[in-house]
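Tertiary structure, described
One letter stands for each residue in the lines below.
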Amino acid sequence: VEDDEPVFIRAQQFPIDWKSKIGNSDMSTNFKTSHEVPIHKGDMAIREDGMVYMLNWNVQNHLNNQATQSVECNSRIEFTRRVPEKTDARGFVIEKEHEEIIADSIPCVHSEYAGRPDYAAANGLPGINADHLITVSVQWNSKTKDIRINDEFVIGNFTYRVINISIAEINIEKDHGVLTLHAKRVAGG
C-alpha cells in the first residue's frame, strides 16, 4: 500500500518463456524471494534499475521461498472524475462543474482487450469499427478503491473512460490484490 514504508528484499526474477503476447504476457516474469518478508498479490516491486513491477499472481509458499509472478508496469496514470455543478435550493450555483483527481500517478499494466471486440456503426465513419477496449490492472489500495465507472484517464494521446471494474483478484479481506478495469477510448482523441 502506498502509505507503507518501502521494504528492501532480495528476489530472483527469471523469464516464463511464454509463446504468446496476449495481454502483455511477454512482460511477465517468475518472482521468488525468501520468507523473510511476506509478499502479496498486488504488491509493487521496484527493481535496482528502476523498473516497476506488480506482483500479479497468488503467492505460493514453498518450503524455502515464496513464489509468484510479476508483470512490468508500462504506464503511470491519473484517474479523474467529472463532478457536476452543485446548486442551492433556489438554483444558484454553489460549486461549478469541475474535474477531481481520484488517484494520481498510479503505476499500471495496460493492454488491448484480448477477448472478442464489439463492432458498431459509428456516425460519420464508413463500415463498422472496433470498440477500442483496453484492460488496465492496478494495485488495490486506498486510492484505487475509489475508482468508479465513468472515471477517466489518459494513456499516450488518448483519453479512456472506465466502463467496468472487476474486484475478482482482490483477497476476501479487501486489503490487497489487483484491481482490473476495462475502459473504452473517448471519442475525439
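For the structure, check the block above.
For clarity, every value in this text was computed on a predicted model and none was experimentally measured. (Residues numbered from 1 in each chain as written. Predicted model: local features only at pLDDT ≥ 70, side-chain atom pairs only at ≥ 80, totals over all residues. Heavy atoms only, no water.)

This part takes up the pairing of strand 14 (residues 152–155). On a regular strand, one side chain projects to one face of the sheet and the next to the other, so that they alternate. One ladder, built from 4 bridges, connects strand 14 with strand 15 (residues 158–170); its direction is antiparallel. Of the residues in strand 15, the one forming a bridge with Val-154 is Thr-159. In sequence, strand 14 turns back onto strand 15 through a hairpin of 2 residues, with Gly-156 there showing a positive phi of about 65°. (Pairing = 2+ DSSP bridges. Helix = DSSP H or I, 4+ residues; strand = E, 2+ residues; numbered from the N terminus.)

A word on the pattern of salt bridges. What the rule picks out here adds up to 9 salt bridges. The salt bridge involving Arg-81 is made with Asp-151; its shortest N-O contact spans 2.7 Å. Of this pair, Arg-81 sits in strand 7 (residues 75–83) while Asp-151 sits in the loop between strand 13 (133–139) and strand 14, and the two are 70 residues apart along the sequence. Since its relative accessible area comes to 24%, Arg-81 is described here as partly exposed. Residue Asp-151 is classed as buried on the basis of its relative accessible area of 1%. A salt bridge links Arg-82 to Glu-97, with the shortest nitrogen-to-oxygen separation between them at 3.4 Å. One end of the pair, Arg-82, is in strand 7; the other, Glu-97, is in the loop between strand 9 (93–95) and strand 10 (98–112), with 15 residues separating them in the sequence. A single network of salt bridges, built from pairs that share partners, joins Arg-82, Glu-97 and Glu-99. (Salt bridge = Lys/Arg side-chain N within 4 Å of Asp/Glu carboxyl O. Buried < 20%, exposed > 50% of the residue type's maximum accessible area, 1.4 Å probe, protein only.)

If you trace the backbone, Gly-156 turns up in the loop between strand 14 and strand 15. A sequence separation of 81 residues divides Gly-156 from Ser-75, and the C-alpha atoms of the two residues are 9.0 Å apart.

Moving on to the side chain of Gln-139. With respect to the helices, strands and loops of the structure, Gln-139 is situated in strand 13. Among the polar contacts listed, one links the side chain of Gln-139 to the side chain of Asn-141, at a separation of 3.0 Å. (Polar contact = N/O pair within 3.5 Å; in protein donor to acceptor, adjacent residues only side chain to side chain.)

A few words now on the packing of aromatic side chains. Across all of its chains, the model carries 2 aromatic pairs by this definition. For the cation-ring pair, Arg-185 lies above Phe-158, with the distance from its terminal atom to the ring centre recorded as 3.9 Å. (Phe/Tyr/Trp six-rings, centres within 6.5 Å; stacked < 30°, edge-to-face > 60°. Lys NZ or Arg CZ within 6 Å of the ring centre and 35° of its normal.)

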